[in-house]
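Residues per chain are reported as follows:
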Amino acid sequence: MKVMAQMAMVMNLDKCIGCHTCSVTCKQAWTNREGTEYAWFNNVETRPGVGYPRTYEDQDVWLGGWELDKKGRLKLKAGGRIYKLLHIFANPKLPTMRDYYEPWTYDYENLIASPPTDTLPVAAPRSQITGEPMKVEWGPNWDDNLAGSPEIVPQDPLLKKVGDQVKTDLEDTFMFYLPRICEHCLNPSCVASCPTGAIYKRSEDGIVLVDQDRCRGWRLCVSGCPYKKVYFNHKTGKAEKCHFCYPRIEAGMPTICAETCVGRLRYIGLILYDADAVLAAASVEKDTDLYEAQRAVFLDPTDPAVIAGARAEGISDEWIEAAQRSPIYALINTYKVALPLHPEYRTMPMVWYVPPLSPVVDAVSRDGGDGEDIGNLFGALDALRIPMAYLAEMFTAGDTAVVEGVLRRLAAMRSYMRDINLGRETQPEIPESVGMTEEQIYAMYRLLAIAKYEDRYVIPTAYSQKAHELEHMGCSITGGPNGYEDEDVFGADPDSAQASFHMTENSGNGHAQRPRGRINLLNWEGGGASPEMFPKQESS
């Protein structure tokens, strides 16, 4: 047993309201430059729907992820080394601009500089790629809230597996939102697809990153990723992807998408796993067994043998303690309500989801029933087979029994807590019906419904101990330890990032520090106060 640590995320889909705040803040933080106009490291999809890029889940077309060969060994669906070498200059399995969308802006200059006319000037859309006028025909959320559902939604690859009935009963059946980021998989196919080794998985926390110096822009990682969360920057010629906000994680803070989430649906924490068991778990014969196989890879952080193994691998006690308090292991293995996204891709994803119960509750309430009653909810779970099958295709490779078990636990929690909130006697038979105790179901409710900030985000304290050292490290941009004093790496056209950096630069030693006489009160700890903050009163 080789114990390793992995940063992971769980999202509670019942709490997502589809506001796209996470997408906007991620966009502003990481992809607000040329070449990444179409790249959304975080996006929120309406399901059922075609997703982003369009129909990315149809691996018969895109050939992403892994599959088993005739001998039961894992191989890339997109082909091995010889196939990649033959197609390295002409890869046919790449999403095109049509599958994403052509990013656009508006001709705001026309509003300002237009001469006097009889009609109001308009800001016509212009392509951010060519700069030419264009007609907007598709976007990253074109089918948001089932917009254009009769024409668009039937193209959903998962619906084709479920059946034809959902096409006619769609509006009366279900709808939910699915936020997506890079899965930071335990068995990432993008890493295996890269011919230069530019994509790698950090050994200390499992975050998958792209080495921009080694990337040569072959884009085989784009076709290898079944979630299509690797993007090609057409300006730099490099691949880019979600990096789990690792600068924030290293400073003990959650990702920007989790920090700004309005619904508070994201949970971040550390999980310990057996690295020696990953290959066997990803190689099980049946797709429906992959969920349980991956759960078995995760180790109990309170087990003395696991603790000893973690220490033997150099994992600090602070990290072990963080793994013990992590909400990730609790939601996946203790309460068993979190599920992986498309385990049949065999990448062993590390962003899991609590499936939504709300479509079932809405269906019961729409028919005039009590949406909180345990009997009504259990009966609806048996009757609403289309949402169940759809969720199973998304989270359990088609195994509806697992999804039904999760939804039953969520329904039991909802009914049990209603009695408490109304001041009535609790019904112990409700948690017993789903194999849980009253204490467990109450603890699960606190974690899913009213968890505080420190309960939702358990970042190892070993990171935050070095946070202040990072603030005063030399920067290679302006003459730090590897500096280039005479080279303007920003180019001839300085932007706000350059101006902000140089504003806080201390030219005496080349370190990026706050200018003298200015204090940031948001993170001020009481030291280094300037005389202007507390001026001395002159004696009369």
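Residues numbered from 1 in each chain as written. Predicted model: local features only at pLDDT ≥ 70, side-chain atom pairs only at ≥ 80, totals over all residues. Heavy atoms only, no water.

Q: So, the overall build of the protein chain: which residues are in play, and what are the values?
A: Counting its secondary structure elements, the protein chain contains 26 helices and 16 strands. Put simply, 70% of the contacts in the protein chain that link residues at least 6 apart link residues at least 24 apart. Carbon and sulfur atoms make up 52% of the accessible area of the protein chain, which totals about 26200 Å². (Helix = DSSP H or I, 4+ residues; strand = E, 2+ residues; numbered from the N terminus. Contact = heavy atoms within 4.5 Å. Areas by Shrake-Rupley, 256 points an atom, 1.4 Å probe, with all protein chains shown as cover.)

Q: Account for the pattern of salt bridges, naming residues and giving values.
A: Counted by the stated rule, this structure contains 20 salt bridges. Arg202 is the partner of Glu250 in a salt bridge, and the nearest nitrogen-oxygen pair spans 2.8 Å. Taken together, the residues Glu250 in helix α10 (residues 246–250) and Arg202 in the loop between β8 (199–201) and β9 (208–210) connect sequence positions 48 residues apart. You can call Glu250 partly exposed: its relative accessible area is 23%. Between Arg325 and Glu321 there is a salt bridge; the shortest N-O distance is 2.5 Å. (Salt bridge = Lys/Arg side-chain N within 4 Å of Asp/Glu carboxyl O. Buried < 20%, exposed > 50% of the residue type's maximum accessible area, 1.4 Å probe, protein only.)

Q: Residue-level account of the pairing of strand β2 (residues 43–47), with values.
A: Most of β2 is tucked away: five of the five residues are buried. What you see with β2 is no split at all: Asn43, Glu45 and Arg47 on one side and Val44 and Thr46 on the other are buried throughout. Pairing analysis gives five bridges linking β2 to strand β7 (residues 176–180), with the strands arranged antiparallel. Opposite Thr46, over in β7, you have Tyr177 as the bridge partner. (Pairing = 2+ DSSP bridges.)

Q: Any details on the packing of helix α14 (residues 304–312) against helix α15 (residues 317–325)? Residues and values, ideally.
A: The contact between α14 and α15 brings their axes to 10 Å, and the two run at 140°. In this structure, α14 crosses over α15, and the sense of that crossing is right-handed. Where α14 approaches α15, its residues Ile307, Ala310 and Arg311 are matched on the opposing element by Asp317, Ile320 and Gln324. (Axes fitted to C-alpha atoms, helices over the stretch in contact; angles between N-to-C directions. Left-handed = near helix turned anticlockwise from the far one by under 90°.)

Q: Which residues make up the sheet that holds strand β13 (residues 339–340), and what values do they have?
A: Spatial strand order, β12-β1-β14-β13: four strands in an open sheet with mixed pairing. Pairing within the sheet leaves two strands with one partner each, and these edge strands are β12 (266–274) and β13. Sheet topology note: the strand β1 (residues 3–12)/β12 ladder contains nine bridges and is antiparallel. The partner of Gln6 across the bridge, within β12, is Ile271.

Q: So what's going on with the nonpolar core? Which residues, and what values?
A: One finds Val10, Phe298, Leu331 and Phe395 to be the most contacted residues of the largest nonpolar core, which totals 139 residues. Considering each element in turn, this core owes the most residues, ten residues, to helix α20 (residues 400–421). Excluding anything up to four places from it in sequence, Phe298 contacts Leu186, Ile271, Leu272, Tyr273, Tyr329, Ile332, Asn333, Met350 and Trp352. (Core = buried A, V, L, I, M, F, W, Y, C linked by side-chain atoms within 4.5 Å.)

Q: Could you give an account of the packing of aromatic side chains, naming the residues involved and the relevant values?
A: Tallied over the entire structure, the rule returns 17 aromatic pairs. The interplanar angle of 65° and the centroid separation of 5.6 Å between the aromatic rings of Tyr52 and Tyr100 together place this pair among those described as edge-to-face. Of the two residues, Tyr52 is situated in the loop between β2 and α2 (59–62) and Tyr100 in the loop between α3 (81–86) and β5 (104–106); the sequence distance between them amounts to 48 residues. Of the residues examined, Tyr52 reaches a relative accessible area of 1% and is grouped as buried. The buried category is assigned to Tyr100, whose relative accessible area is 5%. A network of ring pairs unites the aromatic residues Tyr38, Phe41, Tyr52, Tyr100, Tyr101, Trp104 and Tyr231 as a single cluster. When the ring centre of Trp40 is taken as reference, the NZ or CZ atom of Lys27 above it lies at 4.8 Å. Above the ring of Trp138, the side-chain terminus of Arg54 is found at 3.9 Å from the ring centroid. (Phe/Tyr/Trp six-rings, centres within 6.5 Å; stacked < 30°, edge-to-face > 60°. Lys NZ or Arg CZ within 6 Å of the ring centre and 35° of its normal.)

Q: Any chance you could break down the pairing of strand β11 (residues 238–241) for me, citing the residues and the numbers?
A: Side chains Lys238 and Glu240 project from β11 onto one buried face, and the interleaved Ala239 and Lys241 project onto a second face that is buried too. In this structure, strand β10 (residues 230–233) lies alongside β11, joined through four bridges in antiparallel fashion. Bridge pairing links Asn233 to Lys238 in β11. Hairpin connection of β10 to β11: four residues between the antiparallel strands, including Gly237 at a positive phi of 75°.

Q: Run through the packing of α20 against helix α22 (residues 438–449), naming residues and quoting values.
A: Contact geometry for α20 and α22: axes closest at 10 Å, N-to-C directions at 95°. In terms of their interaxial angle, α20 and α22 are classed as roughly perpendicular. The residues of α22 that touch α20, namely those facing Arg409, Leu410, Ala412, Met413, Tyr416, Met417 and Ile420, are Glu438, Ile441, Tyr442, Met444, Tyr445 and Leu448. Class assignment of the residues belonging to the contact of α20 with α22 gives a composition of eleven nonpolar, no polar and two charged. (Parallel < 35°, antiparallel > 145°, perpendicular 65-115°, else oblique. Nonpolar A, V, L, I, M, F, W, Y, C, P; charged D, E, K, R; others polar.)

Q: Tell me about the layout of surface pockets, and name the residues and values.
A: As a volume, the second largest pocket reaches approximately 340 Å³. If you trace the second largest pocket, you find 18 residues lining it, with Gln59, Asp60, Lys161, Glu344 and Tyr345 closest to the centre. In terms of residue count, helix α6 (residues 157–162) provides more of the lining of the second largest pocket than any other element does, four residues in total. (1 Å grid on protein atoms, 1.4 Å probe; cavity = no way out; pocket = protein on both sides within 12 Å on 5 of 7 lines; lining within 4 Å. Points joined across faces, edges and corners; volume = space filled by probe spheres on them.)

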